[in-house]
Amino acid sequence: MTQDRLLLCAVFGPYGVQDAYGEELGCQMELLDNQITRQQGIHSPRQSYWSFGLYMMAENVSVETTVLDFPTWEAFTAELAKGYTHVGISFIVPNVLKAKRMAEHIRAHHPETKIILGGYGTIIPDLDQIVPHDELCAGEGVRWLREYFGDDVDAPLCHPVLTGPASQSIYGFETQPKGGILLPGLGCENGCSFCVTSHKFQKRYLPLLETGRDVFAACRKAEDHDRTTGFSVMDENFLKQPRRARELLAEMETHGKPYVFDLFSSAETIQELGTDFLVRLGVHLVWIGVESKSNKHSKVQGIDVKALIGELQDKGIVVQASSILFQDHHDPQTIQEDIDWVIDLDANLTQFMNYTPYPSTGLYQQLAREGRLKKVHYRHLHGQGQLAFEHPHFPEPHDHVEILRQAFKRKYEADGPSVLNMAITAIRGYQRARREHQERQRLAQIWNPETLRYETAACPQPDRFMELRLRKMRKITLNIRPILEAAAVYAPNAAARAKARKTMALFNRVLGKPSLKDRARSLTLVATGALEAARLSWHQARGHESIPRQPPSKRVSYPLDLSLKAREPARQADPWATGWTAERVELPKLEPGLDVRGLPATESQNGTGDHPPLDQRHAY
Ligand code: B12
Ligand code: SF4
């Protein structure tokens, strides 16, 4: 009997290139330049992200597995020639033609190989007619693969150590990615009608890391492995599980580890936990779906979104506000009012997306009932192009693309480069956190983990954890400082230039004059920025909106792991089962403020500067 060999693959590149298989606009393998800092020219940081789910699956199945991330077509076909019994292709809806080409090639050249499809592309209703396959995993992949290969479905989950982004550059200067990635769970209970991540998981939340201790163990493992202390959290609504978040903070305090997180959370969960909790937890960036000023979604009802964003940013938390254009209530006037409203929220970062009816969502069903779904190919369902439904006020596809593009442009012209706004939030937040900490120490106030408030204590103690947090915040402000000169030199208008110069003065007041090293870094960014500007003009003259960039490829092998094999016949995997035990890293109990060795924790012992300053993610 041949031993099973599994190849887990992302779709092949190039990405964000208009060809027979993919789109240019809206389909870059990048978050910021694609849909957040779009239209910001060289101020737009460039970052691409690995296909995290592949590594999670490979690490947790018994079968010998290879992950091929971002392969070229040639690398993919060459890899197949090495002989695999199974190939798993992970794809999203707009990449369906890439999955099709890959599957057809396997059928033609390796007919004995079984094809397994997984990921968000599996929601396509007529997938059977488009992509040849043997198996389809419509839900969570680890359990599915374990059941398929006869593994122990309930074996503890091993969280992989993932570093990201895959690549990053700012003002044309490439830096080494050092952030970590956490995958705490899939789906969201809120069930907003347009939201595919919620509907794909039946409007339920499927935890992969169930407790705060599990999340902390995953962080600790990453830190032990490569000194990572800043994490991007791939979970649609991380704070929606408040018990887990509270436990995570408690673990960090116990072990004196002020980790830093970029995460997604809905407004009502943030409101419930309070901004002081977020600061203490180490939230560096939060992605909030604000959607529209006349939003009916319960997550924003009764919440003063502008005030909430203002408060978060004042306390040093970068806010990425995401909004949706071409909703049913939009007409040529109200859509502009909504764009004005979003810009007026003054969030550091803003995503504009076109209303997109993905199969499986409530929105899709509603439009199907009303007979308004248009025959737009799946490859166009990426949210930055034409609408896939009849809109009573916007019949022209050209308007869908253009109004969206103009929204990004207006935000940029009104507020200047997003990186500059992030720097302002970082320095003001650090200044305020330091001041408030001193004030609390003076008033003998301490953090109450029950009420999530600072309260006057009978026997006050120094807040050592907040001291560590402040050092981390300071480090983040120092990391972002070198962008200020380039932001000023290449500012889009006088207002943005003045803002950049004022910010430099504020940095000087709070942190002192920049070191020689920092000055050198600033000048380097100005120089690489000039080259980047030239490259951008060259590409724009050829009709591109931005400089097309490709992520690096990666190939990782995972050996056969018989310890994961089921001792009893495999039972049916319940894709919605919860209560998954994550692999535990045994942690010694420590005094607050002490490091693993029981010594007073210092900045360097706790890892410094690992968190990339421009490390933001997206949610929808
Ligand atoms: C990180 C991310 C990205 C990264 C790239 C990641 C990558 N390498 O592909 C960036 C920022 C570049 C990106 C870009 C885009 N993205 Co994106 N992205 C995400 C995000 C936030 C997290 C993905 C993730 O890692 N999740 C965690 C892992 C563990 O989950 P997972 O990938 O789903 O994998 C699990 C299961 O689905 C299943 N599974 C998945 N694949 C397979 C394969 C097999 C064989 C099996 C058995 C199981 C299986 O098992 C896995 C383990 O549990 C998701 C939203 C989300 N929360 O999932 C959107 C999401 C996947 N992106 C989406 C979209 C639309 C895009 C863009 C078109 C831009 C846009 N409009 O947002 C571009 C397209 C880029 C391109 N050219 O392909 C949509 C997909 C919608 C759809 N129905 O297809 C999502 C769902 C967001 C949304 N709600 O709209 N994205
Ligand atoms: S849009 Fe956000 S809050 Fe709403 S269901 Fe999706 S993830 Fe949850």
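Our subject in this report is the structure included herewith.

Conventions and cut-offs
- Residues numbered from 1 in each chain as written.
- Chains lettered and ligands numbered in written order.
- Predicted model: local features only at pLDDT ≥ 70, side-chain atom pairs only at ≥ 80, totals over all residues.
- Heavy atoms only, no water.
- Helix = DSSP H or I, 4+ residues; strand = E, 2+ residues; numbered from the N terminus.
- Buried < 20%, exposed > 50% of the residue type's maximum accessible area, 1.4 Å probe, protein only.
- Contact = heavy atoms within 4.5 Å.
- Areas by Shrake-Rupley, 256 points an atom, 1.4 Å probe, with all protein chains shown as cover.
- Lys, Arg positive; Asp, Glu negative; His and termini not counted.
- Charge placed at Lys NZ, Arg CZ, Asp CG, Glu CD.
- Pairing = 2+ DSSP bridges.
- Phe/Tyr/Trp six-rings, centres within 6.5 Å; stacked < 30°, edge-to-face > 60°.
- Salt bridge = Lys/Arg side-chain N within 4 Å of Asp/Glu carboxyl O.
- Axes fitted to C-alpha atoms, helices over the stretch in contact; angles between N-to-C directions.
- Near = heavy atom within 4 Å.
- Polar contact = N/O pair within 3.5 Å; in protein donor to acceptor, adjacent residues only side chain to side chain.
- Nonpolar A, V, L, I, M, F, W, Y, C, P; charged D, E, K, R; others polar.

1. What to know about the overall build of the chain
Regarding its fold elements, the chain presents 20 helices and 20 strands. Viewed in the frame of its principal axes, the chain has a C-alpha envelope of about 70 × 60 × 45 Å. Buried residues in the chain amount to 58% of all 620 residues. Of all intrachain contacts in the chain linking residues separated by at least 6 positions in sequence, the fraction that spans at least 24 positions is 76%. If you sum the accessible surface of the chain, you get close to 24600 Å²; carbon and sulfur atoms cover 53% of it. Charge separation in the chain, taken as the distance between the mean sites of 74 positive and 76 negative side-chain charges, equals 6 Å.

2. Here's the deal with the sheet that holds strand β15 (residues 283-291)
Here seven strands make up an open sheet; going across it, the order is β7-β10-β13-β14-β15-β16-β17 and the pairing mixed. The two strands at the open ends of the sheet, each matched to only one other strand, are β7 (163-164) and β17 (349-354). Looking at chain direction, strand β14 (residues 260-264) and β15 are connected through four bridges and run parallel. If you follow F261 over to β15, its bridge partner there is V283.

3. Looking at helix α2 (residues 52-59)
Of all eight residues making up α2, six are buried, and the element is well covered by its neighbours. The set of residues buried in α2 consists of F52, L54, Y55, M56, M57 and A58. Elements that come into contact with the buried residues of α2 comprise β1 (5-10), β3 (64-69), β4 (86-90), α6 (141-148), β10 (179-182) and β20 (554-558).

4. What to know about the packing of aromatic side chains
Each aromatic ring pair is specified by the distance between its two centres and by the angle formed by the two planes. Going through the model one piece at a time under the given rule, you end up with 15 aromatic pairs. Between W50 and F70, the ring centres sit 5.7 Å apart and the planes meet at 25 degrees, which makes this aromatic pair stacked. Residue W50 is located in the loop between β2 (46-48) and α2, and its partner F70 is located in the loop between β3 and α3 (73-80); the two are separated by 20 residues in the primary sequence. Where Y355 meets F389, the ring centres are 6.1 Å apart and the plane angle is 80 degrees; that geometry is what we call edge-to-face. On the criterion of sequence distance, the pair formed by Y355 in the loop between β17 and α14 (362-369) and F389 in the loop between α14 and α15 (397-415) is long-range, its members being 34 residues apart.

5. Points about the pattern of salt bridges
What the rule picks out here adds up to 36 salt bridges. Between R280 and E253 there is a salt bridge, and its shortest N-O distance comes to 2.8 Å. With a gap of 27 residues between them, R280 in helix α11 (residues 275-281) and E253 in helix α9 (residues 242-255) connect regions that are remote in the sequence. Accessibility assignment for this pair places R280 and E253 in one class, buried. Between R410 and D340 there is a salt bridge, with its nearest N and O atoms 1.9 Å apart. Residue R410 is found in helix α15, and its partner D340 is found in helix α13 (residues 332-344); the two are separated by 70 residues along the sequence. Several salt bridges share partner residues, and in doing so they unite R38, E402, R405 and E545 into one network.

6. A few points about the sheet that holds strand β6 (residues 135-137)
What the six strands build is an open sheet, ordered β6-β5-β4-β1-β3-β20; its pairing is mixed. Both edges of this open sheet fall to β6 and β20, since each of them pairs with a single strand only. Between one strand and the next, the sheet's axes are offset by a mean angle of 20 degrees, whatever the strand orientation. Summarising the sheet, β1 and β3 pair through five bridges and their orientation is parallel. Among the inter-strand pairings, L8 is bridged to a residue of β3, identified as V67. Where α2 meets the sheet, its contacts fall on β1, β3, β4 and β20, and the angle it forms with β3 comes to roughly 170 degrees.

7. Description of the site of ligand 1
As a structural note, the neighbourhood of ligand 1 is formed by 44 residues, with C27, S90, V93, E140 and H382 the closest of them. One nitrogen or oxygen atom from the main chain of W50 is found 3.3 Å from a nitrogen atom belonging to ligand 1. Separating a nitrogen atom of ligand 1 from a backbone N or O atom of H382 is a distance of 2.5 Å. When residues of the shell around ligand 1 are traced back to their parent elements, those giving at least two are α1 (32-35), α2, β4, β5 (114-118), α6 and α7 (196-200). Of the residues assigned to the shell around ligand 1, the class counts are 24 nonpolar, 16 polar and four charged.

8. So, unusual backbone geometry
Cis geometry is found at the peptide bond from G13 to P14, where omega equals 5 degrees. In this structure, P165 follows G164 across a cis peptide bond, with omega equal to -5 degrees. Here P165 lies in the loop between β7 and β8 (167-170). In this model, Y171 sits at a positive phi of 45 degrees, which is unusual for a non-glycine residue. A positive phi angle, near 70 degrees, is found at F326, a position not held by glycine. Following the sequence through the fold, F326 ends up in the loop between β16 (318-325) and α13.

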